[in-house]
Amino acid sequence: MRILFNLVSIAVAGSLLAACGGKDFTGAYRFKDSGMKGAMVLNIHGDEAEIFGDFGKDGIKPLGKMKVSVKDEKILLDAVKGSLRLAMKRNVDERSLDCLNCKVIGLRQDDQVWEYDPKGPYDVDQMLKEQARKNEEALNTELEKTQQKALEQGRRDLEAQKLTPYEGDWVYQRTTKQDRLTIMTIWRQSQIKSWSFEFENMDRLGQEIPRFEVADAGLRIGDGSNSHLYTISADKNVLTCMDCEKAERWAKADHKKDLGDRQYAREMAGTP
């Protein structure tokens, strides 16, 4: 019974030794320095291995497959295609690998430490399939966005031909001293754009190119719950919001004057 127990103990100890730093190098090992965009990963599984670049969210890139052999406590990695050979040995931590000739793969020095990666070894083929699937999904999503953008631009171009009654440069009529100076341009060629500024110093706060639609009831500007209907006065000089929570009016600027003139722009906006 004692002999059997001893044999089992030796077998267990041997398997642990192999996993922790004997002749079984199965696992993944990473190297990265400050000059690299991503990490290089040496992925070893039995007598086969591959090196791939890991660029995080940008995916992985296979760099080469290798055959694995072990000699005198060293692991030898021979490229499947070509004559390149990498030689490594177990690091003193009994987990990582010390590269003995890493200059052959373009690294700056030979004695590089490849840190042990507990998540390895990786199924690289499956990783590439998953990456290809995600890339295809991203491409389809981008294509759909491009198509939707083109359709929306086509719709805008058609609607823009109906803007004639509303053409001009418009200034929001302030109702409180806290209101910004807001200018909106409506032209068939450039369509609808708006800019907002601090009233006192004219510092620019933002720009918007809103969605719009011309209907029998008036000009609708905005999208979804943020859209509002505007009607134009008989003399074509005032735009009035018909469904805003508070009164909103826009006055048309004199086409002979420049709204880049701060004083004129402020006069148009008014001082409540």
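Look up: the structure comes first, before these words.
One structure accompanies this document, and this report is about it.

Thresholds, definitions, all that
Residues numbered from 1 in each chain as written. Predicted model: local features only at pLDDT ≥ 70, side-chain atom pairs only at ≥ 80, totals over all residues. Heavy atoms only, no water. Helix = DSSP H or I, 4+ residues; strand = E, 2+ residues; numbered from the N terminus. Buried < 20%, exposed > 50% of the residue type's maximum accessible area, 1.4 Å probe, protein only. Contact = heavy atoms within 4.5 Å. Areas by Shrake-Rupley, 256 points an atom, 1.4 Å probe, with all protein chains shown as cover. Lys, Arg positive; Asp, Glu negative; His and termini not counted. Charge placed at Lys NZ, Arg CZ, Asp CG, Glu CD. Polar contact = N/O pair within 3.5 Å; in protein donor to acceptor, adjacent residues only side chain to side chain. Pairing = 2+ DSSP bridges. Axes fitted to C-alpha atoms, helices over the stretch in contact; angles between N-to-C directions. Core = buried A, V, L, I, M, F, W, Y, C linked by side-chain atoms within 4.5 Å.

**Considering the overall build of the chain**
- On a plain count of helices and strands, the chain comes out with three helices and 17 strands.
- In terms of principal-axis extent, the alpha carbons of the chain reach across some 105 × 45 × 40 Å.
- Among the 272 residues that make up the chain, the fraction classed as buried is 36%.
- In the chain, once contacts between residues fewer than 6 apart in sequence are set aside, the share between residues at least 24 apart is 37%.
- For the chain, the exposed surface amounts to about 17,700 Å²; the carbon and sulfur share of it is 52%.
- Taken together, the 43 basic and 45 acidic charged side chains of the chain have centroids lying 2 Å from each other.

**Some details on the environment of S227**
- Looking at the element boundaries, S227 is found in the loop between β14 (218–221) and β15 (228–232).
- It is 9.1 Å that separates the C-alpha atoms of S227 and P210, two residues lying 17 residues apart in sequence.
- Contact partners of S227, with chain neighbours within four places excluded, come to R220, I221, G222 and D243.
- Of the polar contacts made by the side chain of S227, one reaches the side chain of R220; its length is 3.3 Å.
- A polar side-chain atom of S227 sits 2.9 Å from the main-chain carbonyl oxygen of G224.

**Some points on the sheet that holds strand β4 (residues 60–71)**
- With respect to topology, eight strands assemble into a closed barrel ordered β1-β2-β3-β4-β5-β6-β7-β8, the strand pairing being antiparallel. Between one strand and the next, the sheet's axes are offset by a mean angle of 30°, whatever the strand orientation.
- Looking at chain direction, strand β3 (residues 48–54) and β4 are connected through seven bridges and run antiparallel. Within β4, the position partnered with A49 by the bridge is M66.

**Considering the nonpolar core**
- Among the nonpolar cores identified, the biggest contains 20 residues, and L42, I44, L77, L86, M88, L97 and W114 are the most heavily contacted of them.
- At the level of secondary structure, the elements contributing two or more residues to this core comprise β1 (27–31), β2 (39–45), β3, β4, β5 (74–79), β6 (85–90) and β7 (97–99).
- In terms of nonpolar packing, the next biggest core, distinct from the first, is built from 17 residues, F212, I221, C241 and W250 among them.

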